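Residues per chain, in single letters:
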Amino acid sequence: MKPDAQPKASHFINGEYVEDPAGEEMPVVYPATGERIAMVRAATPALIERALAAARAAQPGWAALSGTERGRILRRAADIIRARNRDLSVLETLDTGKPLQETLVADATSGADALEYFGGLAGALTGEHIPLGGGNWAYTIREPLGVCVGIGAWNYPTQIACWKSAPALAVGNTMVFKPSETTPLSALKLAEILTEAGLPPGVFNVVQGAGAVGAPLVTDSRVAKVSLTGSVPTGRKVYAAAAAGMKHVTMELGGKSPLLIFDDADLESAVSGAILGNFYSSGQVCSNGTRVFVQKGIKEAFLARLTERLGQAVMGDPLDEATNFGPMVSEGQMNIVLNYIAKGLEEGARLVTGGKRAERPGFFVEPTVFADVRDDMVIAREEIFGPVMCVLDFETEDEAMARANDTEFGLAAGVFTRDLQRAHRVVAGFEAGTCFINSYNDAPVEVPFGGTKASGVGRENAKAAIEHYSQLKSVFVRMDALEAPF
Ligand code: NDP
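Predicted model, so just to flag it, every value in this text is computed and none were measured.

Cut-offs applied
- Residues numbered from 1 in each chain as written.
- Predicted model: local features only at pLDDT ≥ 70, side-chain atom pairs only at ≥ 80, totals over all residues.
- Heavy atoms only, no water.
- Buried < 20%, exposed > 50% of the residue type's maximum accessible area, 1.4 Å probe, protein only.
- Helix = DSSP H or I, 4+ residues; strand = E, 2+ residues; numbered from the N terminus.
- Contact = heavy atoms within 4.5 Å.
- Polar contact = N/O pair within 3.5 Å; in protein donor to acceptor, adjacent residues only side chain to side chain.
- Pairing = 2+ DSSP bridges.
- Axes fitted to C-alpha atoms, helices over the stretch in contact; angles between N-to-C directions.
- Near = heavy atom within 4 Å.
- Areas by Shrake-Rupley, 256 points an atom, 1.4 Å probe, with all protein chains shown as cover.
- Nonpolar A, V, L, I, M, F, W, Y, C, P; charged D, E, K, R; others polar.
- Salt bridge = Lys/Arg side-chain N within 4 Å of Asp/Glu carboxyl O.

## Looking at helix H10 (residues 267–276)
Residues Ala270, Val271, Gly273, Ala274 and Ile275 constitute the buried set of H10. On its buried side, H10 packs onto strand E12 (258–261), helix H11 (299–310), strand E16 (388–394) and strand E18 (412–416).

Here you go:
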């Protein structure tokens, strides 16, 4: 028997749960079994209007509080999240299929980190004083943008909702958040917890639905900013729609990131990096290092140790804390991944391990490694978003760098080497927003996260996120007499 995942109602608007009986039904499925565990309804236009009106009405009052007062509420919410981490993690596991072993440490907790970090920062967000000649001076005021829209992907539903709302709210914006239709549950819990922590009604609202609900949010004239986490094709559409209204955007999109492993790397750490960068969350992580370039001298040892360690992966019921490898989020995503595996075989890549749907209920795909992958293969060019690692050989650093950067994406990149100078040289040459030396996929809230090229615009986390949720007003102050030509 699964714990009850059914929310009180589908949406959260103006400080309370709201149902929209006219909305289309959206079943919520537990990916480990395919069972339906909850049902929510998509928002109709009337409900979208209610959410936007609530966010608009609440914004001036929220912005009028001091940063310290706003921050206190966010930090209180962080404490509540930590106190309820287990329940929230179970819900995230039911919604996404990710192992409880992961969700206990990487989802609600990272959301709490964001609320705590930006809550702490809120009181320190100020403009600056600029002295000018003649005793004149200017100052800047850091202002919120207004109503922000957040649109989330399904892989880290709690984290994405917190990464967007925490900096937005800290500065004095309000938000309407639309989770992915695949994972609608945890954003509602966040809204409930923020309200319990003292957030005024209307400051954070959640509406459910697919792209058809996201699209009118993006174009509404009351909305000043759109922050999307999703795929590059969706990003292109949403960015274009937001540009028509000259809105601010943050685009956290997909990738096909390179991971370079040099002959001198610590083998065990390099294998760990490749595992973390390809199989955590069953490979459903945007910054994954899915093109693993391995220098020829270490290649066979790397593949042997990798295969050995993948044999220790525990695939099973994600609610069992011993499980460390879960299913794909949905049947649709599983089929996308299986099609890519078939394509890899057809293109002549060498299957080292995995390659099939697992023989068990739910949407499990075996951890899969292809070797002898060429740069022009589809599996080396397109984001698969599943547990499929492509291993490519290289001989020289220059060659590896050119090939690593030969992609439209630029989200992340990593290097494993014991040569300090090479590590920094390689990272300096990477065309990517988030880089790792002898590590992979760390995402602490203190560090800016985001992509270059087609992988995105703007940064989440750290002080950098504040720039993307606020604007500066410059005020010139004349102290001496003002002259004019006539
Ligand atoms: P999608 O791009 O399919 O969807 C992202 C969100 O946008 C969903 O909520 C979706 O709604 C919504 N949406 C779709 N069309 C529109 C539209 N026209 N207007 C407004 N909103 C719309 O991504 P997935 O949910 O499939 O997530 C996987 C992708 O997310 C991967 O490509 C991955 O790389 C990327 N990602 C990027 C991260 C980063 O930080 N860079 C982090 C995590 C994931 P719905 O799906 O409900 O229809």
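## Observations regarding the side chain of Arg142
Mapped onto the elements, Arg142 comes out in strand E6 (residues 137–144). Looking at Arg142, its side chain comes within polar contact range of the side chain of Glu467, at 3.5 Å. Here Ser470 takes part through its side chain, which lies 2.7 Å from a polar atom of the side chain of Arg142. In this view, Arg142 contacts Leu125, Thr126, Gly127, Ile466, Glu467, Ser470, Gln471 and Leu472; residues no more than four positions away in its chain are not counted.

## Comments concerning the sheet that holds E6
With antiparallel pairing, three strands are arranged side by side in an open sheet as E5-E6-E22. Since the sheet does not close on itself, it has two edges, and those belong to strand E5 (129–131) and strand E22 (470–477), each with one partner. Along the sheet, successive strands turn relative to each other by an average axial angle of 20 degrees, direction set aside. Here E5 runs beside E6; their pairing, made up of three bridges, is antiparallel. Within the sheet, the bridge partner assigned to His129 lies in E6 and is Tyr139.

## Some points on the site of the ligand
In the neighbourhood of the ligand, 28 residues make up the surrounding shell, with Gly152, Glu181, Ser231, Leu253 and Glu383 lying closest. Here an oxygen atom of the ligand sits 2.7 Å away from a polar atom, N or O, in the main chain of Gly152. Here Lys178 contributes a side-chain N or O atom positioned 3.0 Å from an oxygen atom of the ligand. Starting from 900 Å² of accessible surface for the ligand in isolation, the protein chains cover 87%. Broken down by secondary-structure element, the contributors of at least two residues to the shell around the ligand are helix H8 (211–219), strand E10 (223–229) and helix H9 (232–244). Per element, the largest residue contribution to the shell around the ligand is three residues, and it comes from H8. Looking at the shell around the ligand, its residues break down into 13 nonpolar, eleven polar and four charged.

## Thoughts on the environment of Gly230
Here Gly230 lies in the loop between E10 and H9. Sequence separation between Gly230 and Ala83 is 147 residues; the distance between their C-alpha atoms is 30 Å. Not counting residues up to four positions away in its chain, the partners in contact with Gly230 are Ala153, Glu252, Leu253 and Gly254.

## Considering the pattern of salt bridges
Throughout the structure, instances matching the rule amount to 32 salt bridges. In this structure, the salt-bridge partner of Lys296 is Glu395, at a minimum N-O distance of 2.9 Å. Residue Lys296 is located in the loop between strand E13 (291–295) and H11, and its partner Glu395 is located in the loop between E16 and helix H14 (397–405); the two are separated by 99 residues in the primary sequence. Residue Glu395 is classed as partly exposed on the basis of its relative accessible area, which comes to 49%. Taken together, the shared-partner salt bridges connect Lys299, Glu300, Arg350, Asp372 and Asp393 into one network.

## A short note on the sheet that holds strand E19 (residues 434–437)
Overall, mixed pairing links the seven strands, which are arranged E14-E15-E16-E13-E12-E18-E19 in an open sheet. With one partner strand each, in any of the chains shown, strand E14 (350–353) and E19 form the two edges of the open sheet. Between one strand axis and the next, the sheet turns by 20 degrees as a mean value, whatever way the strands run. Sheet analysis places E12 next to E18, joined by three bridges and oriented parallel. By the bridge assignment, Ile261 is partnered in E18 with Phe416. In the packing of helix H15 (residues 420–429) onto the sheet, the strands contacted are E12, E18 and E19, and the crossing angle to E19 comes to about 165 degrees.

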